[in-house]
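# Understanding the architecture of this molecule
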Amino acid sequence: MLEQSLKDEIKYSSKELKEAKEGIAAAGEKKAALEGDLQVTSKDLAGDIKGLSDLHHDCMTKAEEFEAETKSRGEELAALAKAKGVIKDTVGGAEDLSYGFNQVSLLQVARTGLMSRAGLRQFEAARLIRDLARKQGSSELAQLAARMGSAMAASSKLGEDPFAKIKGLIQDMI
């Protein structure tokens, strides 16, 4: 009986040992799989921490740039307000004045002859010759246009029609 009991105990212990070894092997496999998962997760965490650091750096850089731009904009607005005040002080009474078409403004008419219909036609004729000279690449036409312009300027100062002689010659030919 003792022998039988020892044999049963050895058999039972062998069975427990086998189950324990199988449990250890399964736990080892599970441990290896979990360690692999831990390494992957650790690498992902390190990448995420680096990305967070980069994002934080970019955010701080943008915040500093925004602050500098806001300060610059404030300085520009202050300078504009000061300039506006200076202009207002300098020309304070100008708003009470009335301006008519006969007064000189920022745009001055250089050629008084252009105010009449004949002066406009003369200018158009010279411009047409000048455009034709550019298109044709002709220095002779360009010289003619320049002479026409100077003749019109001289005659408009004197109040004469520069094409009066030409008109007379054409009338005679007809």
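As the structure is a computational prediction, the values presented were derived from the model and not from experiment.

So, about the overall build of the protein chain. Within the protein chain, the secondary structure is distributed over 4 helices and 0 strands. In sequence order, the protein chain lays out its α and β elements as α-α-α-α. Among the 174 residues that make up the protein chain, the fraction classed as buried is 7%. Taking as baseline every contact in the protein chain between residues at least 6 positions apart, the subset at least 24 positions apart corresponds to 23%. Summed over all atoms, the accessible surface of the protein chain reaches about 15,600 Å², with 61% contributed by carbon and sulfur.

In this section: a negative patch on the surface. Taken together, the side chains of Glu64, Glu65, Glu67 and Glu69 make up a negatively charged region of the molecular surface. Inspection of the secondary structure assignment puts glutamate 67 in helix H1 (residues 2–90). When its relative accessible area of 60% is taken as the criterion, glutamate 67 is described as exposed.

Looking now at the nonpolar core. Counting residues in hydrophobic clusters, the biggest one holds 5 residues: Ala126, Ile129, Ala145, Met148 and Met152. Take this core: its biggest share by element is 3 residues, from helix H3 (residues 139–158). If we ignore the near neighbours within four places in the chain, the residues touching alanine 126 are Ala145, Met148 and Met152.

Attention shifts here to the pattern of salt bridges. Following the criterion strictly, the structure yields 6 salt bridges and no others. The partner of arginine 134 in a salt bridge is aspartate 131, and the shortest N-O contact between them spans 3.6 Å. Of this pair, arginine 134 and aspartate 131 both sit in helix H2 (residues 117–136), 3 residues apart, which is roughly one turn of that helix. Several salt bridges share partner residues, and in doing so they unite Glu124, Arg127, Asp131 and Arg134 into one network.

Within the fold, serine 138 resides in the loop between H2 and H3. Looking at serine 138, its side chain comes within polar contact range of the main-chain nitrogen of leucine 141, at 3.2 Å.

A separate point is the confidence of the model for the protein chain. Of the residues in the protein chain, 77% have a pLDDT of 70 or more, and the chain-wide mean is 80. Long-range and interchain partners of residues 99–113, a stretch whose pLDDT sits below 50, account for 6 contacts in this model, where long-range means more than four residues apart.

Definitions and cut-offs
Residues numbered from 1 in each chain as written. Predicted model: local features only at pLDDT ≥ 70, side-chain atom pairs only at ≥ 80, totals over all residues. Heavy atoms only, no water. Helix = DSSP H or I, 4+ residues; strand = E, 2+ residues; numbered from the N terminus. Buried < 20%, exposed > 50% of the residue type's maximum accessible area, 1.4 Å probe, protein only. Contact = heavy atoms within 4.5 Å. Areas by Shrake-Rupley, 256 points an atom, 1.4 Å probe, with all protein chains shown as cover. Patch = residues over 30% accessible without salt bridge, like charges linked within 9 Å, V, L, I, M, F, W, Y side chains within 5 Å. Salt bridge = Lys/Arg side-chain N within 4 Å of Asp/Glu carboxyl O. Lys, Arg positive; Asp, Glu negative; His and termini not counted. Charge placed at Lys NZ, Arg CZ, Asp CG, Glu CD. Core = buried A, V, L, I, M, F, W, Y, C linked by side-chain atoms within 4.5 Å. Polar contact = N/O pair within 3.5 Å; in protein donor to acceptor, adjacent residues only side chain to side chain. pLDDT = per-residue confidence, 0-100.

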